[in-house]
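Residues per chain are reported as follows:
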Amino acid sequence: MLVDVLGFVGIVAFAASGALIGVRKRLDLFGVCVVGITTGIGGGIIRDVLLGIHPPTSLDQWPNLTVALVTSLIVFLAHPVMNRIWRGVLLLDAFGMGLFASTGATIALASGGSSLSACLIGATTAVAGGVIRDMLVNEVPLLLRRDLYAVPALLGSTVVAVVEGSGLPGDIGLVVGTVAATGLRVLALWRRWNLPIARRLPAADEL
Amino acid sequence: MLVDVLGFVGIVAFAASGALIGVRKRLDLFGVCVVGITTGIGGGIIRDVLLGIHPPTSLDQWPNLTVALVTSLIVFLAHPVMNRIWRGVLLLDAFGMGLFASTGATIALASGGSSLSACLIGATTAVAGGVIRDMLVNEVPLLLRRDLYAVPALLGSTVVAVVEGSGLPGDIGLVVGTVAATGLRVLALWRRWNLPIARRLPAADEL
Amino acid sequence: MLVDVLGFVGIVAFAASGALIGVRKRLDLFGVCVVGITTGIGGGIIRDVLLGIHPPTSLDQWPNLTVALVTSLIVFLAHPVMNRIWRGVLLLDAFGMGLFASTGATIALASGGSSLSACLIGATTAVAGGVIRDMLVNEVPLLLRRDLYAVPALLGSTVVAVVEGSGLPGDIGLVVGTVAATGLRVLALWRRWNLPIARRLPAADEL
């Protein structure tokens with residue numbers, strides 16, 4: 001029950017970030033909703049496709065979609081306010097990312113996947129929505145350009161896989177994984193941590 | 001039988017729109033065929049992946065692929081003519097969209113999906129080909145920028161789900177859904193209907 | 001056993017091409033690894049999704065991922081050297097493409113797919129990694145713009161399907177398909193073969 005509520009918070013944060021970018025890209029009402037909904041539920045759909053859960057839960061049942069749609073509509077109407085609380089959206093997004101990484105890993109293990117697939121599919125669940133969002137609006141995914149984002153997601157899903165492997169109750173993994181992923185992400189935002197970029201190329205030789 | 005023929009008409013329209021954009025983007029013969037084929041059969045492939053139909057029908061059997069390929073070749077050779085009949089292509093495309101939305105919803109229901117999944121997967125079938133087309137040629141999907149396109153698709157698939165839920169024969173849903181979706185799309189094209197865009201942002205603050 | 005080793009060579013070549021483009025696009029360490037890994041194992045993941053193999057092998061077991069990750073790290077550190085051996089990378093890439101086309105077709109047949117699905121899914125396995133790579137870094141896929149690339153992939157997978165259909169041992173198809181695809185690709189690179197582009201449009205009429 002608590003997990004469901006937390007999951008909705010994650011969807012709200014992701015959908016809000018997607019809808020806000022849609023507004024900034026001058027999309028129409030429907031486009032804003034499509035980008036918002038895709039960002040909010042896209043990670044879960046890809047997780048279900050990879051795990052063979054047909055049809056994907058977010059397409060088969062109402063709650064996730066409704067939450068993402070309502071969030072997108074609110075952003076469309078109230079986006080100037082959203083800009084002012086952008087820092088709060090980033091924190092929500094960090095929390096949503098941590099939670100999706102942990103629940104994605106848990107679902108992968110429950111579907112009979114290996115520990116590796118729990119790590120990778122959990123992290124994919126957490127980052128895929130944002131990648132789809134950026135590709136839809138024709139930008140190089142933020143994930144690839146800067147920001148320590150996917151590393152915290154991998155940390156969260158790995159914690160879940162390790163806790164599960166050690167025989168402890170799965171709920172502990174869910175909590176610790178979410179806290180670890182969210183915490184590292186917030187730290188990275190706060191301290192402006194970034195991973196290194198390769199040295200500049202000696203010449204602009206063509207590919 | 002009739003449904004099959006109509007399905008081919010839809011694939012022809014979608015493949016033609018994809019191949020025509022490929023020509024305009026100066027792609028080579030193969031690239032034009034790839035964009036044309038992907039636009040023509042991509043929606044059905046994504047539908048099958050979401051529903052767990054392996055391998056997807058359009059990859060497993062000849063007819064759909066052949067129709068899309070021949071259409072792409074004809075466009076490659078005869079594209080100046082296609083430009084002149086662009087309005088006709090748009091009408092065909094509207095009809096293809098309506099038909100794909102309705103058949104997609106029907107197939108989702110037949111695979112045991114919920115009414116919601118019929119609405120969403122039907123509409124996805126109808127619009128996914130065009131989204132893939134636009135992403136392949138590196139444009140923000142037309143779907144997101146302007147044009148009332150996905151709303152008619154949702155209308156068509158919803159009609160199918162409602163008719164099925166009410167116990168009427170599925171063929172009625174297929175016909176009414178296709179007519180409703182195609183009609184709304186043609187109306188939107190004719191009257192140049194568009195959905196609203198959010199008010200301009202007060203400042204170009206960065207993300 | 002030999003097939004496994006050859007498969008790793010293909011992953012090395014694909015991951016190297018992806019990571020090198022990531023470096024050129026000024027991505028950070030993680031972005032370079034993500035593009036490298038996605039290019040190296042993306043084709044196989046899409047193949048498994050299309051065939052209903054859940055979770056995809058490359059996400060479920062260590063070897064493929066490890067090979068792609070180590071390759072990406074080496075490219076990140078040593079990319080100036082990679083630029084000098086770019087011609088060698090292209091040859092490796094041609095070989096990887098041929099091998100992926102043949103093994104993809106073999107796996108599709110083993111999963112109960114038709115000959116057509118073996119041709120198409122084999123070729124998809126060979127080219128999908130590169131398409132994902134180009135879309136991630138926001139370029140029109142190289143595949144669509146120039147270079148005879150997908151035609152050799154189709155040749156390789158078709159050879160496998162024909163050999164299998166004729167009742168000969170599958171290993172022969174694997175070898176002949178790989179050699180045919182790689183050979184045609186190398187020939188195309190060497191002779192700078194390209195497919196034709198449609199005549200220039202008479203006017204810049206809008207879509």
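In the nomenclature of an unreviewed UniProt entry, chain A is known as Trimeric intracellular cation channel family protein of Rhodococcus sovatensis. The UniProt entry for chain A carries this comment under Sequence similarities (unreviewed entry): "Belongs to the UPF0126 family." Recorded in UniProt under Subcellular location (unreviewed entry), the annotation for chain A is "Cell membrane".

The subject of this paragraph is helix 9 (residues 170-191) of chain C. Residue and element names in this part refer to chain C. The first and last C-alpha atoms of helix 9 sit 31 Å apart over 22 residues, in line with the 32 Å expected at 1.5 Å per residue. Regarding helix 9, the residues found buried are G173, L174, G177, T178, A181, T182, R185 and A188. Projected down its long axis, helix 9 shows its buried positions confined to an angular sector of 135°, all on one face. In this structure, helix 9 carries D171, V175, V179, W190 and R191 as exposed residues pointing more than 90 degrees from its buried face. Just downstream of helix 9, R192 is the residue with a positive phi angle, here 50°.

Take helix 8 (residues 150-165) of chain A next. Residues and elements named next belong to chain A. With 16 residues, helix 8 ought to run about 22 Å at 1.5 Å a step, and its terminal C-alpha atoms sit 22 Å apart, in line with that. Listing the buried residues of helix 8 in full gives A150, P152, A153, G156, S157, V159, V160, A161 and V163. Just downstream of helix 8, G167 is the residue with a positive phi angle, here 85°.

What follows is about the environment of V176 of chain A. All names here are of chain A. Relative to the helices and strands, V176 resides in helix 9 (residues 170-191). A residue is classified by how much of its surface remains accessible, and V176, at 40% relative accessible area, is partly exposed. Spatially, the C-alpha atom of V176 lies 8.8 Å from that of S102, the residues being 74 residues apart in sequence.

Moving on to the packing of helix 2 (residues 29-51) of chain C against helix 5 (residues 86-110) of chain C. Residue and element names in this part refer to chain C. In the contact formed by helix 2 and helix 5, the axes pass within 11 Å of each other and the chain directions differ by 20°. As far as their axial angle goes, helix 5 and helix 2 are roughly parallel. When you trace helix 2 past helix 5, the crossing you get is right-handed. When helix 2 is examined against helix 5, the residues G40, R47 and L51 are found in contact with a partner set consisting of F100, G104, I107 and A108. Partitioned by chemical class, the residues of the contact of helix 2 with helix 5 number four nonpolar, two polar and one charged.

Conventions we followed
Residues numbered from 1 in each chain as written. Chains lettered and ligands numbered in written order. Predicted model: local features only at pLDDT ≥ 70, side-chain atom pairs only at ≥ 80, totals over all residues. Heavy atoms only, no water. UniProt positions renumbered as here; feature names shortened; annotations may be inferred. Helix = DSSP H or I, 4+ residues; strand = E, 2+ residues; numbered from the N terminus. Expected span 1.5 Å × (residues − 1). Buried < 20%, exposed > 50% of the residue type's maximum accessible area, 1.4 Å probe, protein only. Arc of directions from axis to C-beta. Axes fitted to C-alpha atoms, helices over the stretch in contact; angles between N-to-C directions. Parallel < 35°, antiparallel > 145°, perpendicular 65-115°, else oblique. Left-handed = near helix turned anticlockwise from the far one by under 90°. Contact = heavy atoms within 4.5 Å. Nonpolar A, V, L, I, M, F, W, Y, C, P; charged D, E, K, R; others polar.

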